[in-house]
Amino acid sequence: MPPADTGASTVVVGASAPSSPVTTTAAPAAATHERLEPGRPGYRRMSFALFAAGVAAFALLYSTQALLPAVSASFDATAGQASWTVSAATGALALFVLPLSALSERFGRRQMMTASLAIAVLVGLLVPFAPSMGALIALRAVQGAALAGLPASAMAYLAEEVRPKALIAAIGLFVAGNSIGGMSGRILTGWVAQAWGWRAALAAVGLLALACAVVFHFLIPKARNFRPGSLNPTALAKTVATHLGNPLLVRLYAIGALFMTVFGAVYTVIGYRLVEEPFSLPQGVIGSIFLVYLVGTVSSAAAGRLVARLGRRGALYLAVSTTAAGLLLSLADSLVAVLLGLVLITAGFFAGHAVASSSVSRTATEGRAQASALYQSAYYLGSSAGGTLGAVAFHSGGWAATVALGLLAVLGVVSITLYGTRVARAERRALVPATVTR
């Protein structure tokens, strides 16, 4: 789970029409209980519970990102070494999201979400006491793996328990929790670290997540429409292989990963740049920079209108152009220019991510839940790679090297989109019947 995951539409479609690799053993689908909707008992409780879960998950997932300069100083580590405290968490989430989403088909959505939050919070309360950089990275990896059980399970829970007409609003609130958790966690850690140090900041995030987990536990209604099934690993592997053999899906996965590479690199390294000359900003102010995330809420919401006007590839071209312009603008030694650059990078990233993630559900005709999970895996692998490579580039060549890495990833998106355009044109020409001359 992303910065905020704006790919809600991807999971909505996949969850509402699941084709999971399980063999169901319960009653037929017709024997379902009445589903939740606004105004009915349980809907408000469910909404607040999942909002709290989203806040907890993303506050924990990116809790060290705003603290990297302080972590580096504490352990006498380079930017590249400290970046692993973020990359280990997002990388582990990417690796475990598919298998844990499959396990939720067997053991239940509510049970998987509860276990994921409980383990992640427990680890979060241990993280501030990490005695070394290696221990901190290991704990963060465990935390990311635990959090992998939340996103797909939450979306599937909503699809099973909420009426279709209320589903988009319910998922929107969960995604809002993701966004607010990711943003508030970074801001909270920035100001607490400025006053009491980075360990106190991580403890504050752990306590925030604990409070949210308690709210979730007591408010989340029992699942009444879940039908457990027995796992079929062979069918799961076949479904995954089918998706990975679909060239369009693979291109969409690559686009999501490359966009997140840019975003992960920029937001992992930006704290190092702003703490140095000529900016020399305090930790609290650096944490507040993440308010720029609010721009992403606007741009992701506008992605649908962009696609309607420009088409999917046209919207992607606009997104990469905006991102590239922001990267170039951020090279200036002016705080105003850097902030404006971050605004453009954030707007371009969220718009591109929304277009790519929503396209996955339209492309996958079967196994949509697994197609979405594969996109999330690629997305978070991009975050992990971007954070580490961006920090290594910064250590080697400063901010300019990090920007160069971002521009290289942007060029990759452009190349993939151009190739997709050529393929689409060739397919259209092949479908046009030969003209009969008279």
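Before reading further, recall that the structure is shown in the block above.
Nothing here was measured: the structure is a model prediction, and the numbers come from that model.

The rules behind the values
- For every chain, the first residue of the written sequence is number 1, and numbering continues from 1 onward in sequence order.
- Given that the model is predicted, a residue must reach a pLDDT of at least 70 before its local features are reported, and side-chain atom pairs must reach 80 or more before they are shown or counted; all residues, however, enter totals for whole chains, interfaces and linings.
- Excluded from the side-chain calculation are hydrogens and water; included are all heavy atoms of the structure.
- Numbering of helices and strands runs from the N terminus, with a helix taken as a DSSP run of H or I at least four residues long and a strand as a DSSP run of E at least two residues long.
- For every residue, the accessible area (1.4 Å probe, protein chains only) is compared with the maximum for its type, and the residue is labelled buried under 20%, exposed over 50%, or partly exposed between those bounds.
- Each accessible area is a Shrake-Rupley result for a 1.4 Å probe, and residues are judged covered by the shown protein chains and nothing else.
- Every angle, taken between N-to-C directions, lies between 0 and 180 degrees, and every axis is a line fitted to C-alpha atoms, over only the stretch in contact when it is a helix.
- Each angle gets one of four labels, with under 35 degrees taken as roughly parallel, over 145 as roughly antiparallel, 65 to 115 as roughly perpendicular, and the rest as oblique.
- Handedness of each helix crossing follows the sense of rotation of the near helix against the far helix: counterclockwise by less than a right angle gives left-handed, clockwise gives right-handed.
- Note on definitions: a residue-residue contact is assigned when non-hydrogen atoms from the two residues lie within 4.5 Å.
- Here the term charged refers only to Asp, Glu, Lys and Arg, the term nonpolar to Ala, Val, Leu, Ile, Met, Phe, Trp, Tyr, Cys and Pro, and the term polar to all other amino acids, Gly among them.
- Aromatic contacts are taken between Phe, Tyr and Trp rings whose centres are within 6.5 Å, Trp giving its six-membered ring; a plane angle under 30 degrees counts as stacked, one over 60 as edge-to-face, and the others as tilted.
- One side-chain nitrogen of Lys or Arg within 4 Å of one carboxyl oxygen of Asp or Glu is enough to make a salt bridge.
- To define a nonpolar core, start from buried Ala, Val, Leu, Ile, Met, Phe, Trp, Tyr and Cys residues and group those joined through side-chain atoms within 4.5 Å.

### A closer look at the overall build of the protein
Next up, step 1: What the protein contains, in helices and strands, is 15 helices and 2 strands.
Next up, step 2: Considering the protein as a whole, with its 438 residues, one finds that 56% of them fall into the buried category.
Next up, step 3: If you sum the accessible surface of the protein, you get close to 17700 Å²; carbon and sulfur atoms cover 68% of it.

### Thoughts on the packing of helix α2 (residues 43-61) against helix α5 (residues 109-126)
Helix packing geometry: the angle between the two helix axes and the distance between the axes.
Next up, step 1: Where α2 meets α5, the axes come as close as 11 Å, and the angle between the chain directions of the two elements is 40°. Regarding the angle of α2 to α5, the classification is oblique. For α2 against α5, the interelement crossing comes out left-handed. The residues of α5 that touch α2, namely those facing L50, A53, A56 and L60, are M113, L117, A120, V121 and G124.
Next up, step 2: Here the contact of α2 with α5 is composed, by residue class, of 8 nonpolar, 1 polar and no charged.

### Observations regarding the packing of aromatic side chains
Next up, step 1: Applying the stated criterion to the full structure yields 11 aromatic pairs.
Next up, step 2: Judged by centre distance (6.0 Å) and plane angle (40°), the rings of Y272 and F394 are tilted. You can see Y272 sitting in helix α11 (residues 247-275) and its partner F394 sitting in helix α15 (residues 368-431), a full 122 residues away along the chain. Across this residue pair, the class does not change: Y272 and F394 are buried.
Next up, step 3: Geometrically, the ring pair formed by Y375 and Y379 is stacked, given 6.1 Å between the ring centres and 25° between the ring planes. Here Y375 and its partner Y379 are both found in helix α15, 4 residues apart, which amounts to about one turn of the helix. The burial state of Y375 is the same as that of Y379; both residues are buried.
Next up, step 4: Taken together, Y253, F263, Y267, F290, F349, F350, Y375, Y379 and Y380 form an aromatic cluster joined through their ring pairs.

### Some remarks on the pattern of salt bridges
Next up, step 1: Counted under the stated rule, the structure contains 1 salt bridge.
Next up, step 2: Note that D333 and R273 form a salt bridge whose closest N and O atoms lie 3.1 Å from each other. Remark: R273 occurs in helix α11 and D333 occurs in the loop between α13 (293-329) and α14 (335-363); sequence separation between them is 60 residues.
Next up, step 3: Assessed through its relative accessible area of 60%, D333 is described here as exposed.
Next up, step 4: Assessed through its relative accessible area of 8%, R273 is described here as buried.

### As for the packing of α5 against helix α6 (residues 133-147)
Next up, step 1: Where α5 contacts α6, the two axes come as close as 8 Å, and the packing angle between them is 160°. If you check the angle between α5 and α6, you find them roughly antiparallel. Once α5 is placed against α6, the crossing between them reads as left-handed. Contacts between α5 and α6 pair S116, I119, A120, V123, G124 and L126 from the former with L139, V142, Q143, A146 and L147 from the latter.

### Considering the nonpolar core
Next up, step 1: Residues L50 and Y267 are the most contacted members of the largest nonpolar core, which totals 118 residues.
Next up, step 2: Beyond its immediate sequence surroundings of up to four residues, Y267 is in contact with Q65, F290, V292, Y293, L342 and T346.

### Quick look at the side chain of S384
Next up, step 1: With respect to the helices, strands and loops of the structure, S384 is situated in helix α15.
Next up, step 2: Judged by its relative accessible area of 10%, S384 is buried.
Next up, step 3: If sequence neighbours within four positions are ignored, S384 has contacts with S87, T90 and G91.

### Concerning unusual backbone geometry
Next up, step 1: A cis amide bond links E277 to the next residue, P278, at an omega of 5°.
Next up, step 2: Within the chain, D76 stands out as a residue other than glycine whose phi angle is a positive 55°.
Next up, step 3: Looking at where D76 falls in the secondary structure, it is placed in the loop between α3 (68-75) and α4 (79-107).
Next up, step 4: Given a relative accessible area of 72%, D76 falls into the exposed group.
Next up, step 5: Positive phi is not limited to glycine here, since S280 has a value of about 55°.
Next up, step 6: With respect to the helices and strands, S280 occurs in the loop between α11 and α12 (283-288).

### Section: the environment of A391
Next up, step 1: Mapped onto the fold, A391 is located in helix α15.
Next up, step 2: The class for A391 is buried, based on a relative accessible area of 0%.
Next up, step 3: For A391 and A265, which are 126 residues apart along the polypeptide, the C-alpha to C-alpha distance reads 6.9 Å.
Next up, step 4: When residues no more than four places from it in sequence are discounted, the contact partners of A391 are A79, G80, S83 and V269.

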